[in-house]
Amino acid sequence: MRVVRSADGLYDRGMKHYDAIVIGGGLVGAAIAYGLVRQGLGTALIDEGDVAFRASRGNFGLVWVQSKGLGAPHYQRWTRLSAEEWPKLAAELGARTGVAVGLEQPGGVQLCLGEEEFAARHAMMEQMRGEAGNFGFDYRMLDRDELSEMLPGLGPKVTGGSWTPYDGHVNSLYLLRALHKGFAERGGIYIPNRTIDYAAAQPNDFRLGSGAAEIAAPKIVLAAGLGNAALAPLFGLNAPVRPQRGQILVTERTERVWPVPIGSLRQTLEGSIMLGASEEEVGFDTGQKPEVMGTIARRAVETFPFIAELQIVRAWSALRVMPPDGKPIYDESEKFPGAFTANCHSGVTLAGAHANVFAPMVAAGALDPMMMPFSAKRFDVPAAA
Ligand SMILES: Cc1cc2nc3c(=O)[nH]c(=O)nc-3n(C[C@H](O)[C@H](O)[C@H](O)COP(=O)(O)OP(=O)(O)OC[C@H]3O[C@@H](n4cnc5c(N)ncnc54)[C@H](O)[C@@H]3O)c2cc1C
């Protein structure tokens, strides 16, 4: 392990010193760590390893804007900002690492089965536009005829859908690989298969131990996904995230059929069609359930009957990192300045913002006031009298 900063007497012998430590090498931690090394900070990225629940290796790969932030305009803006940062991030990662993450942002469609779904969707999109205010929110409701032109193979039950120009998709495994490669190439130190045995926090002075190895830094970012719930209190933070299971099915490859990703269906660059994803409250159970898989497949076939002819070649489940209200948690510790936390259930979509906007705030030592609504303080409900 490289010593980034020489010992200054504050710490014990043998301790490795960095400018920043990020705990968690999933999409959130890797994007932030990449952003930090790009800011010139000597950064260590610690990851527990394959014993952990990793949403970053089991997700759907959407860069999805159109349903994010209903009733929470700050979240809508944050998601839009991330979608705007995405092309820069993808281009930079491609140029620096040679890993093409396969970003496409042609806009996206959410389909509706039946008039009731269509009306509810329309109301939701109208609310998003109202909440966007001067910032604007471009969307259209497409009727069946318009959709049929755009999406060949549409089933008879589809009544219409919503479209926004902001949505897209990406190969999220290549994204994870590119972030790690980019991090390492800029001098970041990746420390895998380490579970933290102890953590000591002082303002701008954090020490972590794992076995005999110890590391220290004046800044720390907790980005350990579901692991943040246990880690946060050690640093004066709160991250009450819970697991939410999602199951996904993947078909064999077929010719390119759709020009845009579709909410719960997307065709990869390689030609597979991904069908997903369930939303199940089953704790830390990562099992797969045939009845849930059946529901996913049935809805896909109702939407596009030709999917019935394709073989399912893969299926998996993974656990989302879900805050109580579904919106991201970003915080800085008042008790221990220099400690930050980051949790979200859309770590693919938000990678642009994490690398290009959040990491520079951490490097500067404080979150921008625009991040205040994301604080976990919003969960502090006064006890009933
Ligand atoms: C089925 C499904 C579909 C999804 N679809 C989408 C989508 O289409 N678009 C989108 O934007 N998002 C999607 N997501 C969400 C997205 O995958 C997550 O938001 C993102 O992966 C979260 O990344 P993370 O780094 O916070 O968590 P994780 O990927 O869980 O990574 C956390 C890491 O922290 C490490 N860790 C944990 N505890 C410790 C510890 N104590 N010490 C050291 N390391 C620790 C673990 O080893 C792990 O690698 C989906 C998720 C699921 C499950």
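Rules used throughout
Residue numbers run consecutively from 1 along every chain, following the written order of its sequence. The predicted origin of the model limits local features to residues at a pLDDT of at least 70 and limits the giving and counting of side-chain atom pairs to 80 or more, whereas totals for whole chains, interfaces and linings rest on all residues. Heavy atoms throughout the structure, all of them, feed into the side-chain values; hydrogens and water do not. Numbering of helices and strands runs from the N terminus; a helix is a DSSP stretch of H or I covering at least four residues, while a strand is a stretch of E covering at least two. The atom set for the radius of gyration is the C-alpha atoms, and the globule formula is 2.2 Å times the number of residues raised to the power 0.38. When accessible area is computed with a 1.4 Å probe and restricted to protein chains, residues below 20% of their type maximum are described as buried, those above 50% as exposed, and intermediate ones as partly exposed. Contact definition: two residues touch when any of their heavy atoms are within 4.5 Å. Where accessible areas are quoted, they stem from the Shrake-Rupley method and a 1.4 Å probe; at the residue level, only the protein chains shown are allowed to cover. As used throughout, the charge tally considers Lys and Arg to be positive and Asp and Glu to be negative, leaving His and the chain termini uncounted. To locate a charge, take NZ of a lysine, CZ of an arginine, CG of an aspartate or CD of a glutamate. Paired strands, in this sense, are two strands between which DSSP finds at least two bridges. Convention adopted: a line fitted to C-alpha atoms gives each axis, helices being fitted over their contacting stretch, and angles between N-to-C directions are expressed from 0 to 180 degrees. Side-chain atoms alone can form a polar contact between residues adjacent in sequence; in general such a contact is a pair of N or O atoms within 3.5 Å, and within protein one must be able to donate a hydrogen while the other accepts it. Think of it this way: a Phe, Tyr or Trp ring, Trp meaning its six-membered ring, pairs with another when their centres are within 6.5 Å, and the plane angle makes it stacked under 30 degrees, edge-to-face over 60, tilted otherwise. A ring is scored as having a charge over it whenever the NZ atom of a lysine or the CZ atom of an arginine sits within 6 Å of its centre and within 35 degrees of its normal.

Trainee: How would you sum up the overall build of the protein chain? Please name residues and give values.
Mentor: If you tally the helices and strands in the protein chain, you get 8 helices and 19 strands. Computed over C-alpha atoms, the radius of gyration of the protein chain comes to 22 Å, within 12% of the 21 Å expected from 2.2 N^0.38 for 385 residues, which places it in the range of a compact globule. Its C-alpha atoms put the protein chain at 70 × 50 × 40 Å along the principal axes. Counting every position in the protein chain, which comprises 385 residues, the buried fraction comes to 53%. Counted over contacts in the protein chain with a minimum sequence separation of 6, partners at least 24 positions apart contribute 73%. Carbon and sulfur atoms make up 53% of the accessible area of the protein chain, which totals about 16200 Å². Here the protein chain holds 37 positive side-chain charges and 41 negative ones, and the gap between their average locations is 5 Å.

Trainee: Give a description of the sheet that holds strand β7 (residues 158-164) that names residues and reports values.
Mentor: In space, the 3 strands of this open sheet follow the order β5-β7-β6, with antiparallel pairing throughout. Edge positions in the open sheet fall to β5 (108-113) and β6 (140-143), since each of these has one partner strand only. On average, each strand axis in the sheet is tilted by 25 degrees relative to the strand beside it, whichever way the strands run. Sheet analysis places β6 next to β7, joined by 4 bridges and oriented antiparallel. Directly across from M141, in β7, lies its bridge partner S162. Relative to β7, helix α3 (residues 115-132) is tilted by about 15 degrees, and along the sheet it contacts β5, β6 and β7. In this fold helix α7 (residues 290-303) packs onto β5 and β7, with an angle of close to 95 degrees to the strand it touches most, β5.

Trainee: For the side chain of E85, give the residues involved together with the corresponding values.
Mentor: Relative to the helices and strands, E85 is located in helix α2 (residues 73-97). Within the local environment of E85, its side chain forms a polar contact with the side chain of N356, the two groups lying 2.9 Å apart. When residues no more than four places from it in sequence are discounted, the contact partners of E85 are G352, A353, N356 and V357.

Trainee: How would you sum up the packing of aromatic side chains? Please name residues and give values.
Mentor: What the rule picks out here adds up to 11 aromatic pairs. Judged by centre distance (5.4 Å) and plane angle (70 degrees), the rings of W78 and Y330 are edge-to-face. You can see W78 sitting in helix α2 and its partner Y330 sitting in strand β18 (residues 329-332), a full 252 residues away along the chain. Using a relative accessible area of 2% as the deciding quantity, one classes W78 as buried. Residue Y330 is classed as buried on the basis of its relative accessible area, which comes to 1%. Where F206 meets F235, the ring centres are 5.9 Å apart and the plane angle is 55 degrees; that geometry is what we call tilted. Residue F206 is located in strand β11 (residues 205-210), and its partner F235 is located in the loop between α6 (228-231) and β14 (242-251); the two are separated by 29 residues in the primary sequence. Exposure remark for F235: the relative accessible area of 0% places this residue in the buried category. Aromatic ring contacts, followed pair by pair, group Y75, W78, Y330, F358 and F374 into a single cluster. The ring of Y166 carries R80 above its face, with NZ or CZ at 4.0 Å from the centroid.

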